[in-house]
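Given next are the chains, with one letter for each unit.
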Amino acid sequence: MRFSSRIQRLEGEGAEAWIVHERAVERQRRGEDICLLSIGDPDFETPAPIRQAAVHALAAGRTHYSPSGGEPALRAAIAEGASHTIGSPVAPGQVIIYPGAQAALFAVAQCLFDPGDEVIVPEPTYVTYEAMLGAAGATMRTVPLRPERGFHLDPEDIARAIGPRTRGVMLNFPHNPTGAVLTREEAEATAELCRRHDLALISDEVYSALTFTGEFVSPASLPGMADRTAVVSSLSKSHAMTGWRCGWSISSPALASHLEKLVRCMHFGVAQFVQDAGVAALLEAEREAAGLRTAYLGRARVVVDRLKDLSGVACRLPEAGMYVFADVRGTGLSGKRFASELLDATGVAVTPGEGFGPSGAGHVRITLGTSEERLGEACDRIAGFVESMVARAS
């Protein structure tokens, strides 16, 4: 069978990030005691008001086709919230609903970029970005988020990366995997570059509701950016709804019109009862969402407190999100080797930082998706692994 040349662009270097996780899942299936801290799937139950809304919708027969762009009630709820965040009116027609933020990112890239276009992306970067842009024929050009800057963006790096083929910038703040938050000054400087060079900006804001410190600034809220920014978000992390697959994009009316045509031929709408649950999440479950944010911060403190005095390992409290990005360069191991040997020795699965890009080298991502007690146990295993390694070396 003959395959499209497109399939060669669908993997990318980020595939390495999953190797340790896949080994850990297989061992867990065999009944081994594995602390699975290698995937962003929280242990929290979806809040009761959301589940109840879905049950009610199912009982009411909400199992038919939905409008391609999304149910009016959900689009209106998202638009209302975005109007407050962005600081200017957002119409429901500017919102398109997808089965998750990943599908939203894919659709936006398809509508914005042509083969040969370059898109500037700070790295470490989420592992699917390269393949997602590659599917559109675009090339991901990375700029570093340096550990010594706390993985904060330096807009001068973006300025130096802009070339004749640059068509856009894609940001992911609050950041996965590092937990860094875009400052207002960083956002303003990046927005100025986009305006000056006529660049589109994709802003992946999935973790915005999990901001612990400082303010969250959406680039779309800055002068001259509303029409050139596509905001992507979802309910997966903020409301413990990873498996529900409910995400969205917010963009200019012109781009939204193209996106609606694309989703009509791509997935033809998201399940009605899922969208009804999404409305409940946004209108009825904000207290529960705030509780999730508090819980993640508490879990991050457990990990940082347990590992901060460990020789060869450096941890900082994330500014947002559900991960601790631990620096293990002091152990003399790469992130890939540390993660692999840690799993073999202790049954703790973490994600090698190299899978997120060169700036993640020598780091591992620890997911805060399990209880404080279980995280404490995992940290004890990590400490034992590092201490035994130091003892062998001496």
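Here the structure is a predicted model, which is why all the values come from computation and not from measurement.

In this structure, what is going on with the sheet that holds strand S5 (residues 166-172)? I would like to understand it.
Sheet strands pair via backbone hydrogen bonds, and the direction of the pair is either parallel or antiparallel. As summarised here, the arrangement of the seven strands in space is S2-S8-S7-S6-S5-S3-S4, forming an open sheet in which the pairing is mixed. Each of the sheet's edge strands pairs with one partner strand only, and the pair in question is strand S2 (95-98) and strand S4 (139-144). Each adjacent strand pair in this sheet contributes to an overall mean axis angle of 20°, direction not counted.

Could you clarify how one ought to interpret the pattern of salt bridges in this entry?
Pairing is possible between side chains that carry opposite charge, provided their charged atoms lie close to one another. The full count for this structure, using the stated rule, is 23 salt bridges. Across the pair Arg374 and Asp33 runs a salt bridge whose closest N-O atoms are separated by 2.7 Å. Of this pair, Arg374 sits in helix H12 (residues 372-393) while Asp33 sits in the loop between helix H1 (19-29) and strand S1 (35-36), and the two are 341 residues apart along the sequence. Among the ionic pairs, Glu118 bridges to Arg141, the shortest N-O distance being 3.8 Å. You can see Glu118 sitting in strand S3 (residues 118-123) and its partner Arg141 sitting in strand S4, a full 23 residues away along the chain. In this structure, a network of salt bridges that share partners links the residues Arg23, Glu26, Arg27, Arg29, Arg30, Glu32 and Asp344.

Explain the environment of Ala281 to me, please; I cannot follow it from the model alone.
Turning to its location among the elements, Ala281 is positioned in helix H9 (residues 272-284). Remark: the alpha-carbon pair of Ala281 and Met241, spanning 40 residues in sequence, is separated by 9.4 Å. Setting aside chain neighbours within four positions, we find Ala281 in contact with Ile50, Leu235, His239, Met241 and Glu286.

So what exactly am I meant to see when it comes to helix H2 (residues 48-59) here?
Note: α-helices contain 3.6 residues per turn, so residues at a spacing of three or four share the same orientation. With 12 residues, H2 extends 16 Å from end C-alpha to end C-alpha; this agrees with the ideal 16 Å at 1.5 Å per step. Those residues of H2 hidden inside the fold are in contact with H9 and helix H10 (286-307). In the segment just after H2, Gly61 is the residue with positive phi, at about 80°.

Just to check I follow, could you spell out the sheet that holds strand S12 (residues 363-367) for this structure?
Strand order in this open sheet of three strands is S9-S12-S11, and the pairing throughout is antiparallel. Of all the strands in the sheet, the pair left with one neighbour each is strand S9 (323-327) and strand S11 (351-352). Here S11 pairs with S12 via two bridges, running antiparallel. Opposite Thr351, over in S12, you have Arg365 as the bridge partner. With respect to the sheet, helix H11 (residues 335-346) is in contact with S11 and S12, its orientation differing from that of S12 by roughly 50°.

Help me understand the pairing of strand S8 (residues 247-250) in this model?
Of the two faces of S8, both are covered, the one formed by Gly247 and Ser249 as well as the one formed by Trp248 and Ile250. Note: S2 against S8, four bridges, orientation antiparallel. Across the sheet, the residue bridging to Ile97 is Trp248, located in S8. Where strand S7 (residues 229-234) meets S8, four bridges bridge the pair, whose relative direction is antiparallel. Note that in S8 the partner of Ser234 across the bridge is Gly247.

Would you mind showing me how to read the pairing of S4 here?
Walk down a regular strand and you will see the side chains alternate between the two sheet faces. Sheet analysis places S3 next to S4, joined by six bridges and oriented parallel. Considered in S4, the bridge of Ile120 is made with Arg141.

For this particular structure, what's the right way to read unusual backbone geometry?
Omega for the bond connecting Glu123 with Pro124 falls within 30 degrees of zero, at 15°, which places this linkage in the cis form. Turning to its location among the elements, Pro124 is positioned in the loop between S3 and helix H5 (129-135). Residue Pro177 is reached from Asn176 by a cis peptide bond, and omega for that bond is 25°. Checked against the element boundaries, Pro177 lands in the loop between S5 and helix H7 (184-197). Residues other than glycine seldom take positive phi values, yet Asp198 does so here, at roughly 55°. If you trace the backbone, Asp198 turns up in the loop between H7 and strand S6 (200-204). Residue classification places Asp198 among the exposed positions, given a relative accessible area of 53%.

Is there a simple way to explain the nonpolar core in this structure?
The nonpolar side chains of soluble globular proteins are, as a tendency, buried together. Leu133, Met170, Phe338, Ile366 and Ile382 are the most contacted members of the largest nonpolar core, which totals 73 residues. Contact partners of Phe338, with chain neighbours within four places excluded, come to Val328, Thr331, Leu333, Val364, Ile382, Phe385 and Val386. One finds Val127, Phe151, Ile158 and Ala180 within the second-largest nonpolar core, a separate group that totals 25 residues.

Any chance you could explain the packing of aromatic side chains here in plain terms?
The geometry of two aromatic rings is summed up by the distance between their centres and the angle between their planes. Per the stated rule, a full pass over the model turns up seven aromatic pairs. For the ring pair Tyr65 and Phe268, a centre distance of 5.1 Å and an interplane angle of 80° mean the geometry is edge-to-face. With Tyr65 in the loop between H2 and helix H3 (72-86) and Phe268 in the loop between helix H8 (253-266) and H9, this residue pair connects regions lying 203 residues apart in the sequence. With relative accessibility at 69%, the residue Tyr65 sits in the exposed group. Overall, Phe268 belongs to the partly exposed group, its relative accessible area being 39%. On the numbers, 6.0 Å between centres and 70° between planes, the contact of Tyr126 with Tyr129 is edge-to-face. The class of Tyr129 is buried, set by a relative accessible area of 1%.

Rules and cut-offs
- Residues numbered from 1 in each chain as written.
- Predicted model: local features only at pLDDT ≥ 70, side-chain atom pairs only at ≥ 80, totals over all residues.
- Heavy atoms only, no water.
- Pairing = 2+ DSSP bridges.
- Helix = DSSP H or I, 4+ residues; strand = E, 2+ residues; numbered from the N terminus.
- Axes fitted to C-alpha atoms, helices over the stretch in contact; angles between N-to-C directions.
- Salt bridge = Lys/Arg side-chain N within 4 Å of Asp/Glu carboxyl O.
- Contact = heavy atoms within 4.5 Å.
- Expected span 1.5 Å × (residues − 1).
- Buried < 20%, exposed > 50% of the residue type's maximum accessible area, 1.4 Å probe, protein only.
- Core = buried A, V, L, I, M, F, W, Y, C linked by side-chain atoms within 4.5 Å.
- Phe/Tyr/Trp six-rings, centres within 6.5 Å; stacked < 30°, edge-to-face > 60°.

Bear in mind that shape data such as this cannot, by itself, settle questions of function.
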